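Below, each chain spelled out in residue letters.
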Amino acid sequence: MPEERKESLDFVRSIVVDDLKNDKHGGAVVTRFPPEPNGYLHIGHAKAICIDFGIAAEFNGNCHLRMDDTNPTKEDLEYEDSIKQDVSWLGWKWSDNKVYYASDYYEQLYQYAVELIKRGKAYVCDLSQDDLKEHRGSLTEAGLESPYRSRSIEDNLDLFERMRRGEFPDGSKTLRAKIDMNSPNIHMRDPAIYRIRHTSHHRTGDTWCIYPMYDFAHCLSDSIEGITHSICTLEFEIHRPLYDWFLDALECKCHPQQIEFARLNLSYTVMSKRKLLELVKSGLVNGWDDPRMPTICGLRRRGYTPAAIRKFCDIIGVTKYNSLTDIALLEHCVREDLNKTAPRIMAVMNPLKVVIENFPEGQVEELEGVINPEDPEMGSRKLPFTRELYIDRNDFMEEPPKKFFRLAPGREVRLRWGYFILCKEVIKNADGEIIELRCTYDPETRGGSAPDGRKVKGTIHWVSASHSIKGEARIYDRLFSVEIPGVDKDVDWKDQLNPDSLAIKPVYLEPSIDGVKPGYTCQFERQGYYCLDPDSTPEKPVFNLTVSLKDTWAKIQQKE
RNA sequence: UACCCCGUGGUGUAAUGGUAGCACAAGUGGUUUUGGUCCAUUUAGUCUAGGUUCGACUCCUGGCGGGGUAGCCA
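How each quantity is defined
- Residues numbered from 1 in each chain as written.
- Chains lettered and ligands numbered in written order.
- Predicted model: local features only at pLDDT ≥ 70, side-chain atom pairs only at ≥ 80, totals over all residues.
- Heavy atoms only, no water.
- Buried < 20%, exposed > 50% of the residue type's maximum accessible area, 1.4 Å probe, protein only.
- Helix = DSSP H or I, 4+ residues; strand = E, 2+ residues; numbered from the N terminus.
- Arc of directions from axis to C-beta.
- Polar contact = N/O pair within 3.5 Å; in protein donor to acceptor, adjacent residues only side chain to side chain.
- Near = heavy atom within 4 Å.
- Nonpolar A, V, L, I, M, F, W, Y, C, P; charged D, E, K, R; others polar.
- Pairing = 2+ DSSP bridges.
- Axes fitted to C-alpha atoms, helices over the stretch in contact; angles between N-to-C directions.
- Contact = heavy atoms within 4.5 Å.
- Domains from an automatic or database assignment.
- Buried area = accessible area lost by both parts, 1.4 Å probe.
- Salt bridge = Lys/Arg side-chain N within 4 Å of Asp/Glu carboxyl O.
- Lys, Arg positive; Asp, Glu negative; His and termini not counted.

So what exactly am I meant to see when it comes to helix α1 (residues 11-21) here?
Two residues of an α-helix separated by three or four positions point the same way, owing to the 3.6 residues in each turn. Those residues of α1 lying buried are V12, R13, V16 and D19. One side of α1 holds all its buried residues, which, seen down the axis, span an arc of 120°. N-cap assignment for α1: the residue whose side-chain oxygen lies 3.0 Å from the backbone N of V12 is D10.

What is the right way to look at the protein's contact with RNA strand B in this model?
Residues in close proximity to RNA strand B total 69 residues, the closest being R136, R344, R406, G447 and R526. Between a base nitrogen of RNA strand B and a main-chain N or O atom of L139, the distance comes to 3.1 Å. Take G171: an N or O atom from its main chain is 2.8 Å from a base nitrogen of RNA strand B. At the level of secondary structure, the elements contributing two or more residues to the surface near RNA strand B comprise α5 (129-136), β6 (192-196), α12 (327-341) and α13 (552-559). By residue number, the principal contributor to the surface near RNA strand B is α13, which donates five residues. Of the residues that constitute the surface near RNA strand B, the class distribution is 23 nonpolar, 24 polar and 22 charged.

What's the story with the sheet that holds strand β4 (residues 122-125) in this structure? I'm lost.
Whether parallel or antiparallel, the strands of a sheet pair through hydrogen bonds between backbone atoms. Taken together, four strands build an open sheet; the order of strands is β4-β5-β6-β7 and the sheet is antiparallel. Whereas interior strands pair on both sides, the edge strands pair on one side only; in this sheet they are β4 and β7 (210-212). Taken over all neighbouring pairs, the strand axes of this sheet differ in orientation by 20° on average, direction set aside. Bridge count for β4 against strand β5 (residues 174-177) is four bridges, and the pairing is antiparallel. Residue Y123 lies in a different strand from β5, and its bridge partner there is R176. In this fold helix α4 (residues 106-118) packs onto β4, β5, β6 and β7, with an angle of close to 120° to the strand it touches most, β6.

Just checking my understanding: could you explain the environment of E472 for this structure?
By the element assignment, E472 lies in strand β21 (residues 469-476). By relative accessible area, which is 11% here, E472 ends up buried. Along the primary structure E472 and V507 are separated by 35 residues, whereas in three dimensions their C-alpha atoms are 5.5 Å apart. Setting aside anything within four residues of it in sequence, one finds E472 in contact with I504, K505, V507, K540, P541, V542 and F543. At a separation of 2.8 Å, a polar atom in the side chain of E472 contacts the side chain of R474.

Mind showing me how you'd approach the domain arrangement of chain A here?
In many analyses, interface size is given as the accessible surface area lost on bringing the parts together. When the domains of chain A are assigned, the result is domain 1 (3-263), domain 2 (273-343 + 471-559) and domain 3 (347-460). Placing the centre of domain 2 and that of domain 3 at their C-alpha centroids yields a distance of 30 Å. In this complex, domain 2 contributes 22 residues to the contact, which on the side of domain 3 involves 24 residues. For the domain 2 face of the interface with domain 3, the top three residues by lost area are Y508, R526 and W553, together amounting to 35%. The tally of links between domain 2 and domain 3 comes to three salt bridges.

Before we go on, may I ask you to explain the sheet that holds strand β2 (residues 62-67) in this structure?
Strand order in the open sheet formed by three strands is β1-β2-β3, with parallel pairing between adjacent strands. Bordering the open sheet on either side are β1 (30-33) and β3 (99-101), each of which pairs with just one other strand. Each strand axis lies, on average, 40° off the axis of its neighbour in the sheet, ignoring direction. Sheet topology note: the β2/β3 ladder contains three bridges and is parallel. Across the sheet, residue R66 finds its bridge partner in β3, namely Y100. Taken strand by strand, helix α3 (residues 77-89) contacts β1, β2 and β3, and its axis lies near 160° from that of β2.

Quick question: what am I supposed to make of the pairing of β6 here?
Regular strands place their side chains on alternate faces of the sheet. The element β6 is largely enclosed, with a buried count of four among its five residues. Here β5 runs beside β6; their pairing, made up of three bridges, is antiparallel. In the strand pairing of β6, R176 is matched with A192. For β6 and β7, the ladder comprises three bridges, and the chain directions are antiparallel.

I would appreciate a short explanation of the environment of D86 in the present structure.
Following the sequence through the fold, D86 ends up in helix α3. The sequence separation of D86 and F405 amounts to 319 residues, and the corresponding C-alpha distance is 44 Å. With sequence-adjacent residues up to four places away left out, D86 is seen in contact with L41, I296, C297 and R300. Polar contacts involving the side chain of D86 include one to the side chain of R300, which spans 3.1 Å.

Can you help me understand the side chain of D52 in this one?
Along the polypeptide, D52 turns up in helix α2 (residues 43-58). In this structure D52 is buried but unpaired, with R32 as the nearest side chain of opposite charge at 4.4 Å. If we skip the residues at most four places from it in the chain, D52 touches T31, R32, F33, P34, C63 and I231.

Structure below.
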């Protein structure tokens, strides 16, 4: 599963190698991927997943998939299921085929909290949320000690137990760690470790009405599971002293090392759960799996492959530098993968009728097209050739400019896998619009080469008008029209959505695609990679644009 | 304003005191039955000022710039 590693190691892997060398954890490497089931996974999570699972795989270790479900008010089974699906779709297997849950440790965590109280390192605090905020101080000012800080161990034990029994209403009490209200690190100023929530949890039901906070639950969950390297993103850096404090205060045998890396930022999209949720809720996109979304399920529906995503995660690297990765890099990865694997088909998006005057009416000739020139093993498919064809309007110009190599009056081009055709006449309607081309074909050029050795500069795609299957193409572009949506605080990031992120067009497809299933990915020759959408019906296939082919002709046109 | 972290071509990354390299993007040329792919090639970089050293992207100090942190969220 893990791809081959480059010789130079990123800083996380260097730490792991050093630890292995120094026998720090007895040769073990155990990592974990700990999502909170309160949203769908996105490409940024894919980076974390590839680091967590990738490192475990490379060093013969294990990676636990652990639901960090300590806040019943936000979490849901729907999210949990999608997380499992996405992780395994990406190609990773969690160790022991078992999903871990922070909620499975609630009793142990409670006992740890009791122990903390017994050691005089935690106390029950009656301060309200507002009072707590007052006491916390600010970034520049020290905090104030709570008046409840000096309660006796006996009182604390009693009160904490009654918190658990449900004697107190939400928000009336918290259990706090007794650390240092003067610490320059606000997270060390007697942080709350348990709060009262009379809310049922999607896994533990109504068993609990007090729930542990992240800082307390996370380090201990890691310790309980024997995690060696607890890899997370940069915003937790400032929490690390707390992470270590709990494990030291409780003298835990297993003390994992927290290592932080920079999360992924991608241009022309957003990555925060809040913004993604807002897009879905406001109907600005069509659900979590809208192919424009950077979610794993969105990318999957768009036609991205696990291999492409893993390659991307591999080449972006792992550092502590807050960077912005160009989405073109992601697009490059999927092109590279699909170029090698995707079958080619011909599909005409803006049909222009071509009548081959010297080809008999009613006759059907079967031609053969290579399925993938990059992989001859894939064989070939049949292409019906008839008197009436469709070509793309963009492949014809009545008055072609210098560098235009395609069809024009009096010009000859090659029909891909077919014949050379020569344009004899342009037919227009009363409004002067071109509605048809009259051409002749050279029967000697079957398959696309001329026995007399004459060359043509252009090759264009086509379909038989009578055999083509009419479908729908959903042509996607970047979700936002600015590199970093919301970076300018004066404008609403939702106003920066790209109005052209989706265009729907009819498309005439070569008949060989008949019967393919949703998820089927192919290349529309000379255009881009497309993936069959689940919205398809037997009558009307719907194809999503994954990514277009590079288009140097478009570049030439742009220059002029 | 306090504390913590981070600054290498346009972008993302390597070089772990010893030739600043790779990929993407951009440009040029070649091959081509996809204006795709492929091949060749060009442009372009160590934030800054000192210090240590035979030698600094790397170590030290100051400055500048960017990010994070004041949920009973994770």
